[in-house]
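# Inside the fold
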Amino acid sequence: SRRYFDGPALYTHVDAQGGNLLTYISAMERVLAGASTVLLLGTAGGALATQLSRTGVAVTAVDDWLAAFELARRWFHLPDNVECIHADALDLLRETDRRWAAVAIDVFHGVEIPDEFLTTDIGHLLTKVVEPGGLIVWNVADSQESYTARWIVNALRLQGLRPSMVSVMDVDVG
C-alpha cells in the first residue's frame, strides 16, 4: 500500500491497485457516487478522484500545487480521464462559468482548512458552480461541534442550502 502525508495529516492511503483505504474518502465517495460530474477541490494523492472515476463519474480535480497531479498519477493510480486543473480553488470558483452535478471540498494546509475558504462568500461561490439540485460535500475533518464545522454549516445556510453533517471521524484522519 501507499500513503501520502502532509506533516501529521494522512491525506491518501491506497492499496497496490490504487483502491482507497481511508474511511473519510469512502464516506465522501458513497455520497457522491450518483453524480454524473464532480468538481473536486483539493487533490492530494487523488484517491477520491480515482474512486469516483472508476465508477463512471466525470471528475474535474483542482489543486494549487501542480506536483499533486503528477504525484497522484505516478504513485496513486489517478486515471488519465480525470481532468486536472492547476489553479487556486477559490479563483476557479470565482472565474468559471462551468457547473457540476456535485462539488467536493477537501482542501487543507496540514490539518487545517485554509482561512481563505472561511469567507462570507463561500456559500455563494459553491452554489454558483453546482447544478440546481446538485450536491456539495465538504470534508471538515473535525468534530461536528467545532467552530469550523459550525461556521461552514452557517455559511451554507445563508445561501438557502440545507446542510447536514455526518461524522466519519476515524483513526485514519489527520
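Refer to the structure presented above.
As the structure is a computational prediction, the values presented were derived from the model and not from experiment.

## Some details on the pattern of salt bridges
- Under the definition given, this model contains four salt bridges.
- Here Arg73 makes a salt bridge to Asp80, at a shortest N to O gap of 4.0 Å.
- Overall, the relative accessible area of 29% leaves Arg73 in the partly exposed class.
- For the salt bridge of Asp121 with Arg94, the shortest nitrogen-to-oxygen distance reads 3.9 Å. Taken as a pair, Asp121 in the loop between β6 (100–105) and α5 (122–129) and Arg94 in helix α4 (residues 89–95) lie far apart in primary sequence, 27 residues in all.
- The exposure class of Arg94 is partly exposed, given its relative accessible area of 41%.
- Each of Asp91, Arg94 and Asp121 takes part in one network of salt bridges that share partners.

## With respect to helix α3 (residues 67–76)
- Of the positions making up α3, those classed as buried are Ala68, Phe69, Ala72 and Phe76. For α3, the buried positions fall inside an angular range of 100° around the axis, keeping them on one side. Seen from the buried face of α3, the exposed residues on the opposite side, beyond 90 degrees, are Glu70 and Arg74.
- Packed against the buried residues of α3 are β1 (2–6), β2 (9–14), α2 (47–54), β4 (58–63) and β5 (83–86).

## Examining the layout of surface pockets
- In this structure, the largest pocket occupies an estimated 850 Å³ of space.
- Secondary structure elements with two or more residues in the lining of the largest pocket: α1 (23–32), β7 (130–138) and α6 (147–157).
- Here the lining of the largest pocket gets nine residues from one element, more than from any other, and that element is β7.
- In terms of residue class, the lining of the largest pocket is built from 23 nonpolar, eight polar and four charged.
- In this structure, the second largest pocket occupies an estimated 580 Å³ of space.
- Along the wall of the second largest pocket there are 33 residues; nearest its centre are Tyr11, Asp106, Val107, Phe108 and His109.
- Taken together, the elements giving at least two residues each to the lining of the second largest pocket come down to β1, β2, β4 and α4.
- It is β2 that contributes the most residues to the lining of the second largest pocket, three residues altogether.
- Counted by class, the lining of the second largest pocket contains 21 nonpolar, six polar and six charged residues.

## Describing α5
- Among the residues of α5, those classed as buried are Ile122, Gly123, Leu125, Leu126 and Val129. Projection of α5 onto a plane perpendicular to its axis shows the buried side chains occupying an angular sector of 165°, all on one side.
- Residues of α5 that are buried sit in contact with β3 (37–41), α4, β6, β7 and α6.

## A few points about the sheet that holds β6
- A sheet is described by the order of its strands in space; here five strands give the open sequence β5-β4-β3-β6-β7, paired in parallel fashion. A single partner strand is all that each edge strand has here, and the edge strands are β5 and β7. Each neighbouring strand pair of the sheet contributes to a mean axis angle of 20°, computed without reference to strand direction.
- Here four bridges tie β4 to β5, and the two strands are oriented parallel to one another. Directly across from Thr60, in β5, lies its bridge partner Glu83.
- The sheet strands contacting α5 are β3, β6 and β7, and the helix crosses β7 at an angle near 130°.

Scoring rules and cut-offs
- Residues numbered from 1 in each chain as written.
- Predicted model: local features only at pLDDT ≥ 70, side-chain atom pairs only at ≥ 80, totals over all residues.
- Heavy atoms only, no water.
- Salt bridge = Lys/Arg side-chain N within 4 Å of Asp/Glu carboxyl O.
- Buried < 20%, exposed > 50% of the residue type's maximum accessible area, 1.4 Å probe, protein only.
- Helix = DSSP H or I, 4+ residues; strand = E, 2+ residues; numbered from the N terminus.
- Arc of directions from axis to C-beta.
- Contact = heavy atoms within 4.5 Å.
- 1 Å grid on protein atoms, 1.4 Å probe; cavity = no way out; pocket = protein on both sides within 12 Å on 5 of 7 lines; lining within 4 Å.
- Points joined across faces, edges and corners; volume = space filled by probe spheres on them.
- Nonpolar A, V, L, I, M, F, W, Y, C, P; charged D, E, K, R; others polar.
- Pairing = 2+ DSSP bridges.
- Axes fitted to C-alpha atoms, helices over the stretch in contact; angles between N-to-C directions.

Function-wise, these values are silent; they only describe arrangement.
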